[in-house]
Amino acid sequence: MSNPRTDLAFEPAATIARLVQSREVHPREVVQACLARIESLDARFGAFQHVHGEVALADADRLASRRDLAELPLAGVPIAVKDNLEVADMPLRVGTRATPADPCGHDHETVRRLRGAGAIVIGKTRLPELGIWGTTESAFGITRNPWDPDRTPGGSSGGSAAAVAAGMVPIALGNDGMGSIRIPAAACGLFGIKPGSGLVPAALGTNSWFGLAENGPLATTVEDAALMLSVLAGAPSLSVTAPPERPLRIALSTRCPVPGVPLHDELRAAVLDAAQLLADAGHDVVPADPPHPLPFANALFARWFAGAATESRPFELKKLERRTVGHIRAGRVAERLGLVRERDASAWRERVTGFFARHDLLLSPCLAQLPIPAAPRNLQSWIGNIIANTRFAPFTAPWNLAGVPAASIPTGVGPSGMPLSVQFVAPAGQDALLLAIGRQLEALQPWPRHAPVHANEAARRT
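Residues numbered from 1 in each chain as written. Predicted model: local features only at pLDDT ≥ 70, side-chain atom pairs only at ≥ 80, totals over all residues. Heavy atoms only, no water.

(A) Spatial organisation of the side chain of Ser 180. Within the fold, Ser 180 resides in the loop between strand S6 (171-176) and helix H6 (182-188). At 3.0 Å, the side chain of Ser 180 and the side chain of Ser 156 are in polar contact. Not counting chain neighbours up to four residues away, the residues in contact with Ser 180 comprise Lys 82, Gly 131, Gly 155, Ser 156, Ser 157 and Asn 175. (Helix = DSSP H or I, 4+ residues; strand = E, 2+ residues; numbered from the N terminus. Polar contact = N/O pair within 3.5 Å; in protein donor to acceptor, adjacent residues only side chain to side chain. Contact = heavy atoms within 4.5 Å.)

Set out below in structure tokens:
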């Protein structure tokens, strides 16, 4: 075989799949290109927990011999998987040294579907301990943002986001229980979608954090995210994306769901600019705040806390981080008081349904602040982490409790040099509408697909 094309690591997943399907490119070349990027960059960004290069190369060679290669929607596409999902022959560490380093014996259903579509698992990505936080650091190290290594990539799917933003893999699998796909997607300039309840198999831990958590893609283009989501959902129609077929009723809100949390000027401007673009394109964009989630904050926080208590039961508390232990103790209180109640979630869903009876989509900020400093927050207090997370990303969690689809969509780069984004939320069952509005914004205002990591490196040397 000739020397591999190093540029393949920068190609969109859909392009890679077409090249491999037509046998213009061998899957091994694509894997080699991604492994070279990982070797060059990951010591700086700490995106990966495990890299199984030789296994991925062997998988690529086996894939190349398949007669049905042209029928595989993700043929030869290297992917990274968040390390709270099972991948056969790789450990499942979930961001904590309390877990064993033994390899798993099976794939999670989402991983099985991706492999069945021709994707090649190249490694597993880092997350904070048990996936609790909106930043990514643990006893295994600090994961850093490829746009600025002094900042966090967000979390808890921060490793997946950093890997895609730095061009180490074209797409990655994450999950979202309080914003854990959308927060790192926004922090790293990616398109990330939390599917609505029931579209994609969840099966995260014991009970998917009492139904809050969903699995979904992080990608550099809407087409790539749609392609991956269609495979995860077993719904090929989702892979066909186009702008909305009719003018939409879009509610515009910059009101923070947590009183007293300020919104950064660049992020406010990103929302208003996106609103103007869509209004100019013919959509009916009107100021309208969603029903305030404060009456349901107890229901949301009870699930967040109690989920940690549930997931921690196999472990000794002394082996867990101080902030994790604080979360677990709060969760045990929530369980003891019976605060995880389905009627609370049902009441919130009913209010959300009423709001979306009048609006097709909600446009809001995704983050309240630009990505905060990368720091060893795993060594800091529980309450300090709660405050930092709440001030950083208060806009995402209500939509997990509602079970509706939501996406982070890039809008370009701000004066700070950091990527900007907005959040769109859709009614239940309207995941395709988020892909459609994402495709339209991508066409109206294209965003950089990758962080300028080499430019950043040169700037630090001067």
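On we go from here.
(B) Spotlight on the pattern of salt bridges. Following the criterion strictly, the structure yields 21 salt bridges and no others. The salt bridge partner of Glu 223 is Arg 18, with a shortest N-O separation of 3.5 Å. In this pair, Glu 223 sits in helix H8 (residues 222-233) while Arg 18 sits in helix H1 (residues 13-21), placing the two residues 205 residues apart along the sequence. Counted as one network, the salt bridges with shared partners bring together Asp 59, Arg 62, Asp 107 and Arg 115. (Salt bridge = Lys/Arg side-chain N within 4 Å of Asp/Glu carboxyl O.)

(C) Expanded view of the packing of helix H4 (residues 109-116) against H8. For the pair H4 and H8, the least separation of the axes is 8 Å and the interaxial angle reads 115 degrees. Considering only the axes of H4 and H8, their crossing is right-handed. On H8, the residues that touch Thr 110, Arg 113 and Leu 114 of H4 are Met 228, Val 231, Leu 232 and Ala 233. Among the residues forming the contact of H4 with H8, the class breakdown is five nonpolar, one polar and one charged. (Axes fitted to C-alpha atoms, helices over the stretch in contact; angles between N-to-C directions. Left-handed = near helix turned anticlockwise from the far one by under 90°. Nonpolar A, V, L, I, M, F, W, Y, C, P; charged D, E, K, R; others polar.)

(D) Local environment of the sheet that holds strand S3 (residues 120-125). Strand order across the open sheet formed by 11 strands is S1-S3-S2-S6-S8-S7-S12-S13-S11-S9-S10, with mixed pairing between neighbours. Each edge of the open sheet is held by one strand with a lone partner, namely strand S1 (48-51) and strand S10 (284-287). For this sheet, the mean angle separating the axes of adjacent strands, direction not counted, is 25 degrees. Across the face of the sheet, helix H3 (residues 53-64) comes into contact with S1 and S3 while running at roughly 160 degrees to S3. Strands in contact with helix H9 (residues 265-280) are strand S9 (249-252), S10, strand S11 (361-364), strand S12 (406-413) and strand S13 (419-425); relative to S13, the strand with the most contacts, it is inclined by about 60 degrees. (Pairing = 2+ DSSP bridges.)

(E) Seen up close, helix H15 (residues 431-444). Spanning 14 residues, H15 covers 20 Å between terminal C-alpha atoms, matching the ideal 20 Å at 1.5 Å per step. Taken together, the buried positions of H15 are occupied by Asp 431, Leu 433, Leu 434, Leu 435, Ala 436, Ile 437, Gly 438, Gln 440, Leu 441 and Glu 442. (Expected span 1.5 Å × (residues − 1). Buried < 20%, exposed > 50% of the residue type's maximum accessible area, 1.4 Å probe, protein only.)

(F) Just the packing of H8 against H15, in detail. At a closest axis distance of 9 Å, the pairing of H8 and H15 adopts a crossing angle of 160 degrees. Comparing the axis directions of H8 and H15 gives the class roughly antiparallel. Pair H8 / H15 crosses with left-handed handedness. From H8, Val 222, Glu 223, Ala 226 and Leu 229 reach across to H15, where they touch Leu 435, Gly 438, Arg 439 and Glu 442. Of the residues contributing to the contact of H8 with H15, the split by class is four nonpolar, one polar and three charged. (Parallel < 35°, antiparallel > 145°, perpendicular 65-115°, else oblique.)

(G) View of the side chain of Thr 310. Mapping Thr 310 onto the fold places it in helix H10 (residues 297-311). Judged by its relative accessible area of 7%, Thr 310 falls in the buried class. In contact with Thr 310, not counting residues within four places along its chain, are Thr 206, Asn 207, Phe 210 and Glu 335.

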